[in-house]
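Read off the chains here:
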Amino acid sequence: MTDYAIEARGLSKRYRKVQALDGLSLDVAAGSICGFLGPNGAGKSTTMKILMGLIRPTSGHAFVLGHEVGKAGLAARARIGYLPQDPVFPAHLTVRGLVTYAARLYPGHPRGRALRRRVDEMLEQVGLAAKARRRLAGLSGGERQRVGVAQALIADPDLVILDEPSAGLDPVGRRAMIDLISGIGGDTTVFYSTHILDDVERVSDSVVMLNHGKVIAQGPLASILEVTGQDYVIGLRGDTTQLRSRLADQPWVNAIVARDRGSAEQWQVQVSDPAIAARQLVPLLADGDHSVLQFHLTDRRLEDAYLQLIGASNEH
Amino acid sequence: MSTEATGLRTSAIGTWGVLRGELQRWMGRRGLFHLLLWLTVVEWLLYIAVATENPPFGFLGFENLANMLVIFPVVAGMVLTAAAVCGDYHDGTTAWLLGKPVPRGGYLAASVTGLWLGLAATTILVPGLVAYWWLPRVKPYRFVTPEAPPLGRFVIALGLLIIILAFFMAATAFLSIVIRRRGTVVAIVAWLLLMLRTPIFPYADWMDYTPARLIRTDIAPGAWSHITEYIYDVPFDAMSAVVGMTVTTVAFVAVAIVVFRRLDF
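Residues numbered from 1 in each chain as written. Chains lettered and ligands numbered in written order. Predicted model: local features only at pLDDT ≥ 70, side-chain atom pairs only at ≥ 80, totals over all residues.

Student: Explain the overall build of chain A to me, and be specific about the residues and the numbers.
Tutor: Scanning chain A from N- to C-terminus turns up eleven helices and 14 strands. Seen through its principal axes, chain A has C-alpha atoms that stretch 80 × 45 × 35 Å. When each of the 316 residues of chain A is scored for burial, the buried share is 43%. Restricting the contact set of chain A to residue pairs at least 6 apart, pairs at least 24 apart contribute 69%. (Helix = DSSP H or I, 4+ residues; strand = E, 2+ residues; numbered from the N terminus. Buried ≥ 20, exposed ≤ 12 C-beta atoms within 10 Å, placed from the backbone. Contact = placed C-beta atoms within 7 Å.)

Right, dumping it as structure tokens:
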């Protein structure tokens with residue numbers, strides 16, 4: 001078995017005047033939970049649709065579970081569970097009917113009682129056992145998404161591709177969805193797109209970041225977070241003008257994000273070299289007409305890395 | 001098992017899954033709705049035309065039935081096929097299903113075949129057989145032949161109507177794939193239906209190979225078609241139309257599948 005569940009090389013897709021993907025290359029390790037990030041219109045859904053064989057790339061190649069998309073797409077799809085963005089399912093079906101219908105499309109699916117048992121287990125897993133007989137048309141957005149995950153997982157796939165599974169969900173629904181994704185685990189690879197970076201931090205072990213149809217960063221979550229280095233949070237009161245300009249002059253300071261906190265200010269100082277910052281930051285703070293109210297290191301945040309990488313990509 | 005055999009098996013399972021899903025839909029509310037609707041419409045109109053003291057159009061019975069069992073199913077077929085193909089394409093249902101191990105050609109063929117079989121049963125077969133049962137029992141007896149036509153001949157005539165339905169549904173599916181706007185598609189196929197056999201359009205030789213040879217879409221006394229004649233035991237000489245329709249239907253579906261395989265979803 002290949003080390004990668006998904007490999008793409010030089011994928012491009014052009015829609016008349018719009019270049020949706022521009023030479024995209026990415027690798028998703030088998031068995032990982034990979035978050036696929038990027039602004040709206042970056043090309044996430046287009047990439048996923050190419051991987052599913054739903055649209056043809058203008059150029060480039062993609063391999064899913066070792067099968068080249070386009071040439072052996074059917075064999076690949078027999079091992080993939082897919083949840084499209086804003087999924088539309090046949091409204092006349094019940095929850096159980098849809099999941100059963102989806103199961104029967106896969107080779108080697110269980111039959112009779114075994115199929116019924118499998119569907120029951122899946123509905124239990126997504127928390128919809130009590131609504132098995134409900135028609136899809138009568139479900140809330142969150143319930144529809146959970147049915148979507150159930151139909152994606154019903155055939156016990158080796159790869160699950162979820163296009164914004166948390167979109168439109170309330171915080172409780174979102175949390176349930178993330179718990180569901182993190183529970184897939186095992187040998188199954190999960191490749192999902194989202195705008196909710198907290199969720200990615202919580203469950204993903206790797207990340208692919210996309211902007212303007214190109215991958216701008218990819219790899220293990222820890223290595224992506226290295227991009228931002230460390231952040232210090234500093235609470236200040238008084239005249240901070242001189243301090244700000246002194247800090248901004250330091251080569252190891254990447255950025256200072258200031259937030260107004262009434263009579264005080266809170267700064268988030270992003271540093272590129274934690275070792276130098278640890279030695280030099282405190283002495284710099286000591287000098288000036290201000291008081292230091294708060295001073296600590298923050299957890300590394302994906303949101304900061306994301307904004308930094310997207311910002312740098314937009315400047316080029 | 002070889003890769004090719006595995007691929008064929010996967011295709012067959014996916015295609016059968018879609019067809020099964022379509023057929024199951026007709027076993028439920030949808031089938032019941034259509035059955036009741038078309039039974040009511042066909043039998044009621046036939047009753048007005050045949051069983052009342054002064055029939056408004058002077059019809060005799062089986063030609064009304066043959067004409068009705070062309071027009072109503074074909075209109076329902078073109079509307080439902082356009083809705084299924086264009087509607088599912090635009091709302092994303094097709095994309096969802098094609099994300100499963102379902103071949104594109106198999107998906108399209110299974111969707112349209114499921115719809116065709118459901119419509120054939122609910123709009124032609126059952127209303128036709130029900131009418132066959134009660135039409136000869138109407139007093140006063142109004143038919144050309146002294147006795148009701150033989151059941152076998154009548155069932156074959158219904159089979160011809162089902163082939164005509166397939167022809168128009170295949171044309172609709174083909175246009176739906178190419179145009180993908182259901183209103184436009186329905187308008188084109190409705191025009192085709194009208195053009196094929198009404199006094200407005202002159203009959204041309206090439207129409208021998210189309211449903212025009214078999215049907216009439218004009219509502220007029222004595223608007224006999226070859227199907228009506230066949231029911232009344234007149235020798236059948238419209239085989240060219242049956243062959244022409246069958247070949248064209250297969251061609252429509254084949255070209256539709258070729259185009260469908262190239263679409264982005």
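Having seen it, we continue.
Student: Describe the overall build of chain B, listing the residues and the values that go with them.
Tutor: Secondary structure summary: chain B contains nine helices and zero strands in total. When the helices and strands of chain B are listed from N to C terminus, the series reads α-α-α-α-α-α-α-α-α. Burial statistics for chain B: of 265 residues in total, 45% are counted as buried. Considering only contacts within chain B whose residues lie at least 6 apart along the sequence, 80% involve residues at least 24 apart.

Student: Could you give an account of the sheet that holds strand E9 (residues 206-211) of chain A, with specific residues and numbers?
Tutor: Residues and elements named next belong to chain A. Here we have six strands laid out as an open sheet, ordered E6-E7-E8-E3-E9-E10, and mixed in their pairing. Only two strands of the sheet have a single neighbouring strand rather than two, namely strand E6 (80-83) and strand E10 (214-220). The average undirected angle you get between the axes of adjacent strands in this sheet is 10°. Two elements, E9 and E10, share six bridges in a ladder whose sense is antiparallel. Within E10, the residue paired with valine 208 across the bridge is glutamine 218. Helix H1 (residues 44-51) contacts strand E3 (33-37), strand E7 (159-163), strand E8 (189-193) and E9 of the sheet and is inclined by roughly 145° relative to E7. (Pairing = 2+ DSSP bridges. Axes fitted to C-alpha atoms, helices over the stretch in contact; angles between N-to-C directions.)

Student: Break down H1 of chain A for me, with residues and values.
Tutor: Residues and elements named next belong to chain A. Most of H1 is tucked away, with eight of its eight residues classed as buried. Within the sequence span of H1, burial applies to Lys44, Ser45, Thr46, Thr47, Met48, Lys49, Ile50 and Leu51. Trailing H1 by a residue or two, glycine 53 shows a phi angle of about 75°, which is positive.

Student: So what's going on with unusual backbone geometry? Which residues, and what values?
Tutor: All names here are of chain A. The backbone of aspartate 86 shows a phi angle near 45°, a positive value even though the residue is not glycine. Within the fold, aspartate 86 resides in the loop between E6 and helix H3 (95-103). Even without being a glycine, histidine 212 presents a positive backbone phi close to 50°. Structurally, histidine 212 is set in the loop between E9 and E10.

Student: An account of helix H5 (residues 141-153) of chain A is requested, with residue identities and associated values reported.
Tutor: All names here are of chain A. The end-to-end C-alpha distance of H5, which contains 13 residues, comes to 19 Å, matching closely the 18 Å that a straight helix rising 1.5 Å per residue would cover. Residues of H5 that are buried: Gln145, Arg146, Val147, Gly148, Val149, Ala150, Gln151, Ala152 and Leu153. The secondary structure elements touched by the buried residues of H5 are E6, H3, helix H4 (112-125), E7 and helix H6 (171-184). (Expected span 1.5 Å × (residues − 1).)

Student: Describe the packing of helix H6 (residues 151-179) of chain B against helix H7 (residues 182-196) of chain B, naming the residues involved and giving the relevant values.
Tutor: Residue and element names in this part refer to chain B. Remark: H6 packs on H7, axes separated minimally by 9 Å, with the N-to-C direction vectors making an angle of 145°. The handedness of the crossing between H6 and H7 is right-handed. Seen from H6, the contacting residues are Phe168, Ala171, Thr172, Leu175, Ser176 and Ile179; seen from H7, they are Arg182, Thr184, Val185, Ile188, Val189, Leu192 and Leu193. (Left-handed = near helix turned anticlockwise from the far one by under 90°.)

Student: Go over the environment of glutamine 151 of chain A with me, naming the residues and quoting the values.
Tutor: Residue and element names in this part refer to chain A. Secondary-structure assignment places glutamine 151 in helix H5. Sequence separation of glutamine 151 and arginine 237 is 86 residues, and the distance between their C-alpha atoms is 55 Å. Each residue touching glutamine 151, except ones within four places of it in the same chain, is listed here: Leu98, Val99 and Ala102.

Student: Tell me about the interface of chain B and chain A, and please be specific about residues and values.
Tutor: Contact with chain B, which involves 23 residues of that partner, is made by 23 residues of chain A. The set of elements that each furnish at least two residues to the side of chain B that touches chain A consists of helix H1 (3-27) and helix H4 (93-98) of chain B. Per-element tally for the side of chain B that touches chain A: the top contributor is H1 of chain B, with ten residues. Each residue belonging to the side of chain B that touches chain A can be placed in one class, and the counts come to eight nonpolar, nine polar and six charged. (Nonpolar A, V, L, I, M, F, W, Y, C, P; charged D, E, K, R; others polar.)

Student: I'd like a rundown of the environment of leucine 119 of chain B, residues and numbers included.
Tutor: Residues and elements named next belong to chain B. Assignment of secondary structure puts leucine 119 in helix H5 (residues 104-134). Since 26 C-beta atoms lie within 10 Å of it, leucine 119 is described here as buried. Between the C-alpha atoms of leucine 119 and alanine 166, which are 47 residues apart in sequence, the distance is 9.9 Å. With near-sequence residues (within four places) excluded, leucine 119 lies in contact with Pro73, Ala76, Gly77, Leu80 and Leu165.

Student: Outline the packing of helix H2 (residues 29-51) of chain B against H5 of chain B, listing residues and values.
Tutor: All names here are of chain B. Where H2 meets H5, the axes come as close as 9 Å, and the angle between the chain directions of the two elements is 40°. By the angle between their axes, H2 is oblique relative to H5. Viewed along their axes, H2 and H5 form a crossing whose handedness is right-handed. Every residue of H5 that contacts H2 at Gly31, His34, Leu35, Trp38, Leu39, Val42, Glu43 and Leu46 is listed here: Gly118, Thr122, Thr123, Val126, Pro127, Val130 and Ala131. Classifying every residue of the contact of H2 with H5 by side-chain character gives nine nonpolar, five polar and one charged. (Parallel < 35°, antiparallel > 145°, perpendicular 65-115°, else oblique.)

Student: Lay out the pairing of strand E2 (residues 18-29) of chain A in plain terms, naming residues and giving numbers.
Tutor: Residue and element names in this part refer to chain A. When strand E1 (residues 4-15) meets E2, the two strands line up antiparallel, connected through eight bridges. The partner of tyrosine 15 across the bridge, within E2, is valine 18. What sits between the antiparallel neighbours E1 and E2 is a turn of two residues, in which arginine 16 has the positive phi angle 45°.

Student: Could you give me a rundown of the nonpolar core, with the residues and numbers involved?
Tutor: Membership of the largest hydrophobic core comes to 152 residues, with the highest contact counts inside it found for Leu161, Ile164 and Leu165 of chain B. When residues in this core are grouped by element, the largest group, 18 residues, is from H6 of chain B. Here leucine 161 of chain B is in contact with Leu69, Val70, Ile124 and Ile227 of chain B, once residues within four sequence places are set aside. With eleven residues, the next largest nonpolar core counts Tyr232, Ile234, Leu236 and Val269 of chain A among its residues. (Core = buried A, V, L, I, M, F, W, Y, C linked by C-beta atoms within 7 Å.)

Student: Please set out the sheet that holds strand E13 (residues 264-271) of chain A residue by residue, giving values where relevant.
Tutor: Residues and elements named next belong to chain A. Read from one edge of the open sheet, four strands run E12-E13-E11-E14, paired in antiparallel fashion. A strand with exactly one partner marks an edge of an open sheet, and here the two such strands are strand E12 (253-261) and strand E14 (290-297). Along the sheet, successive strands turn relative to each other by an average axial angle of 20°, direction set aside. With seven bridges joining them, strand E11 (residues 230-238) and E13 adopt antiparallel strand pairing. Bridge pairing links valine 233 to glutamine 268 in E13. Set on the sheet, helix H9 (residues 241-248) makes contact with E12, E13 and E14; between it and E12 the angle comes to about 155°.

Student: So what's going on with the pairing of E11 of chain A? Residues and values would help.
Tutor: Direction of pairing for E11 of chain A relative to E14 of chain A: antiparallel, over a ladder of seven bridges. By the bridge assignment, valine 233 of chain A is partnered in E14 of chain A with histidine 296 of chain A.

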